[in-house]
Amino acid sequence: MASNFPSASSAAVRKSMQGNKSKNTIPELKVRRKLRMAGFPGYRLHWRINDSGGRYLCRPDISYPGRKLAIFVHGCFWHRCPTCNLPEPVNNGGYWREKFDRNLKRDIEKDDLLNQLGWKTFVIWECQIDALDPLKIATESGLIC
Ligand SMILES: [Zn+2]
């Protein structure tokens, strides 16, 4: 299990600062476990989705391709969780501001493009995971209609 949870070790922090492309993070593992508990074990990890022209669009953290459902597990720091509203780094403020803006813009664009392709998207914030009931995830994401 790759442990990319941005906490203690400087290696983990460095890794997460190289871009938020880390896979199999602890929050992702927790969500996957809850999806299995809810009775939906058939997800794909980092399933490649192309745009209508066959070009690479994205690889959502968790997908149900048959249902066209993409689930994103968002880290509160990188994706600027509105609930946590975590402080931005004080040093190199401009750099971080730009990076966060880019992340947010990319999230919105990706969401739009996926919706245009008929995919439903569902975001789970890192800080919500522990409190989320498996059935609630299944219901809110549209797995249970
Ligand atoms: Zn949060």
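The rules behind these values
Residues numbered from 1 in each chain as written. Predicted model: local features only at pLDDT ≥ 70, side-chain atom pairs only at ≥ 80, totals over all residues. Buried ≥ 20, exposed ≤ 12 C-beta atoms within 10 Å, placed from the backbone. Helix = DSSP H or I, 4+ residues; strand = E, 2+ residues; numbered from the N terminus. Pairing = 2+ DSSP bridges. Right-handed = clockwise from strand over helix to strand, strands pointing away. Expected span 1.5 Å × (residues − 1). Arc of directions from axis to C-beta. Contact = placed C-beta atoms within 7 Å. Core = buried A, V, L, I, M, F, W, Y, C linked by C-beta atoms within 7 Å.

Draft legend 1. Region of the structure containing the pairing of strand β5 (residues 69–74). Of all the six residues making up β5, six are buried; the element is thus mostly covered by neighbouring parts of the structure. The side-chain alternation of β5 yields two buried faces, one formed by Leu69, Ile71 and Val73 and the other by Ala70, Phe72 and His74. Pairing of strand β4 (residues 62–64) with β5 involves three bridges; the strand directions are antiparallel. Its bridge partner being in β5, isoleucine 62 is matched across the sheet by isoleucine 71. With antiparallel pairing between neighbouring strands as the criterion, β4 and β5 make up a hairpin whose turn holds four residues, including lysine 68 at a positive phi of roughly 55°. Here six bridges tie β5 to strand β6 (residues 120–125), and the two strands are oriented parallel to one another. Bridge assignment links histidine 74 to a residue of β6, and that residue is tryptophan 125. Following the backbone out of β5, through helix α3 (residues 93–116) and into the adjacent parallel β6, one traces a crossover that is right-handed.

Draft legend 2. Looking closely at helix α2 (residues 26–37). Given a rise of 1.5 Å per residue, twelve residues ought to cover 16 Å, and the 17 Å separating the end C-alpha atoms of α2 matches this to within 8%. Every buried residue belonging to α2 is among Pro27, Glu28, Val31, Lys34 and Leu35, and all of these are buried. With its buried residues spanning 125° around the axis, α2 presents them on a single face. In this structure, the buried side of α2 is in contact with β4, β5, β6 and α4 (134–141). Of the residues flanking the end of α2, it is glycine 39, one or two places downstream, whose phi is positive at about 95°.

Draft legend 3. Quick look at the environment of lysine 120. Relative to the helices and strands, lysine 120 resides in strand β6. In contact with lysine 120, not counting residues within four places along its chain, are Lys68, Leu69 and Gly142.

Draft legend 4. Representation of unusual backbone geometry in the model. For arginine 80, which is not glycine, the phi torsion reads 55° and is therefore positive. Summarising the element assignment, arginine 80 is placed in the loop between β5 and α3.

Draft legend 5. Examining the nonpolar core more closely. Core analysis: the biggest nonpolar cluster contains 16 residues, and Val31, Ala70 and Ile71 have the highest contact counts within it. Mapped by element, the contributors of at least two residues to this core are α2, β4 and β5. The element that contributes the greatest number of residues to this core is β5, accounting for five residues. Apart from the residues within four sequence positions on either side, valine 31 is in contact with Ile62, Ile71, Val73, Ile124 and Ile129.

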